[in-house]
Amino acid sequence: MIGSFLILFGIGFIFVDWYKDFKKEKNDVELVNIFFENNNLNPTKEEVKENKETLVDKSVENYIGILEIPKISFKRGLVDIDSKRNNVKYNIQIIKPSDMPNIENGNLILAGHSGTGYNAFFKDLDKLQIGDYSHIYYKNEKYTYHVVNIYEVEKNGTVLIKRNTEKTVLTMITCSETDKTKQIVIISELTSKEKY
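Residues numbered from 1 in each chain as written. Predicted model: local features only at pLDDT ≥ 70, side-chain atom pairs only at ≥ 80, totals over all residues. Heavy atoms only, no water.

Trainee: Please clarify how the overall build of the protein should be interpreted in this entry.
Mentor: Scanning the protein for helices and strands turns up two helices and eight strands. When the helices and strands of the protein are read in sequence order from the N terminus, they spell out α-α-β-β-β-β-β-β-β-β. The buried share of the protein, reckoned over its 196 residues, is 39%. Long-range contacts, defined here as pairs at least 24 residues apart, represent 60% of the contacts in the protein between residues at least 6 apart. A total accessible area of about 11,600 Å² is found for the protein, and carbon and sulfur atoms account for 54% of it. (Helix = DSSP H or I, 4+ residues; strand = E, 2+ residues; numbered from the N terminus. Buried < 20%, exposed > 50% of the residue type's maximum accessible area, 1.4 Å probe, protein only. Contact = heavy atoms within 4.5 Å. Areas by Shrake-Rupley, 256 points an atom, 1.4 Å probe, with all protein chains shown as cover.)

Laid out in structure tokens, this is it:
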């Protein structure tokens, strides 16, 4: 009887964990959709309010931008750098002192977890190769970057970013899947920008 109870408890725990992840993922998709609706269609204040009311988790802030990586079918929002949710525990983190994409010769530095679990947003980042593309949607502009350098560094709390300071850059950082003592650094340079 105790064994049956423990099995049911375990199944219940797994289901609750899965449901929380499902709910968070649904909420994230809705926030991405709201970002594009608000930036593309210029909705009225009533439409924006109605969209916000459909969110599963109303405590989550709206995104200020979107990171899209087509090769790995990835699309995720970015919150303001000063937000309490700008943390790898909750989201992709914009690392200070980042520059937003509209700053010429700036460097937008993003970090995220790899591995497993809901917040392992960068779990497939290691599949990127030189030449692959990423997009940042920010302030009605679509910024397209291509990967120019991929390297690993020791996981010690700091990262040396090797980049061309005369280029506008996107830097993405995550833990290595093959060596837990290292981090992968992916440097991408801006190739184009266009209105969306």
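Trainee: Explain the environment of Tyr137 to me, please; I cannot follow it from the model alone.
Mentor: On the secondary structure map, Tyr137 appears in strand E5 (residues 133-138). What makes Tyr137 buried here is its relative accessible area of 8%. Note: C-alpha distance between Tyr137 and Phe36 (101 residues apart in sequence) is 8.9 Å. Once residues lying within four places of it in the same chain are set aside, the contact partners of Tyr137 are Phe35, Phe36, Ile64, Gly65, Ile66, Glu68, Lys142 and Tyr196.

Trainee: What is the right way to look at the layout of surface pockets in this model?
Mentor: Over the atoms rolls a probe the size of a water molecule, and in doing so it shows where empty space is left. If you add up the space inside the second largest pocket, you get close to 330 Å³. As for the second largest pocket, its lining consists of 17 residues, of which Ile95, Ala111, Val159, Ile173 and Gln183 are closest to the centre. Secondary structure elements with two or more residues in the lining of the second largest pocket: strand E4 (107-111) and strand E7 (169-175). The dominant element in the lining of the second largest pocket, judged by the number of residues it contributes, is E7, at three residues. Classifying every residue of the lining of the second largest pocket by side-chain character gives nine nonpolar, six polar and two charged. (1 Å grid on protein atoms, 1.4 Å probe; cavity = no way out; pocket = protein on both sides within 12 Å on 5 of 7 lines; lining within 4 Å. Points joined across faces, edges and corners; volume = space filled by probe spheres on them. Nonpolar A, V, L, I, M, F, W, Y, C, P; charged D, E, K, R; others polar.)

Trainee: Please clarify how the sheet that holds E5 should be interpreted in this entry.
Mentor: Hydrogen bonds between backbone atoms are what pair the strands of a sheet, whose relative direction is either parallel or antiparallel. Taken in spatial order, the eight strands make up an open sheet running E2-E1-E5-E6-E8-E7-E4-E3, and their pairing is mixed. This sheet does not close on itself; its edge strands, each paired only once, are strand E2 (74-78) and strand E3 (93-94). Note: E4 against E7, five bridges, orientation parallel. Bridging across to E7, Ala111 finds its partner in Ile173. (Pairing = 2+ DSSP bridges.)

Trainee: Hey, could you run me through the pattern of salt bridges in this one?
Mentor: A side chain of one charge can pair with a side chain of the opposite charge when the charged atoms of the two come close. Counted under the stated rule, the structure contains six salt bridges. Here Lys71 and Asp132 are joined by a salt bridge, their closest N and O atoms 3.0 Å apart. Residue Lys71 is located in the loop between strand E1 (65-69) and E2, and its partner Asp132 is located in the loop between E4 and E5; the two are separated by 61 residues in the primary sequence. The salt bridge partner of Lys182 is Glu154, with a shortest N-O separation of 2.7 Å. (Salt bridge = Lys/Arg side-chain N within 4 Å of Asp/Glu carboxyl O.)

Trainee: Is there a simple way to explain the packing of aromatic side chains in this structure?
Mentor: Geometrically, a pair of aromatic rings is defined through the distance of the ring centres and the angle of the planes. One pass over the full model with this rule turns up two aromatic pairs. Their ring planes at 90° and their centres at 5.3 Å tell us that Tyr137 and Tyr196 sit as a pair that is edge-to-face. Taken as a pair, Tyr137 in strand E5 and Tyr196 in the segment after strand E8 (182-195) lie far apart in primary sequence, 59 residues in all. Among the residues examined, Tyr196 registers a relative accessible area of 24% and is labelled partly exposed. Looking at Arg76, its charged tip hangs above the ring of Phe121, at a distance of 4.0 Å from the centre. (Phe/Tyr/Trp six-rings, centres within 6.5 Å; stacked < 30°, edge-to-face > 60°. Lys NZ or Arg CZ within 6 Å of the ring centre and 35° of its normal.)

Just geometry here; none of it tells us what the structure is for.
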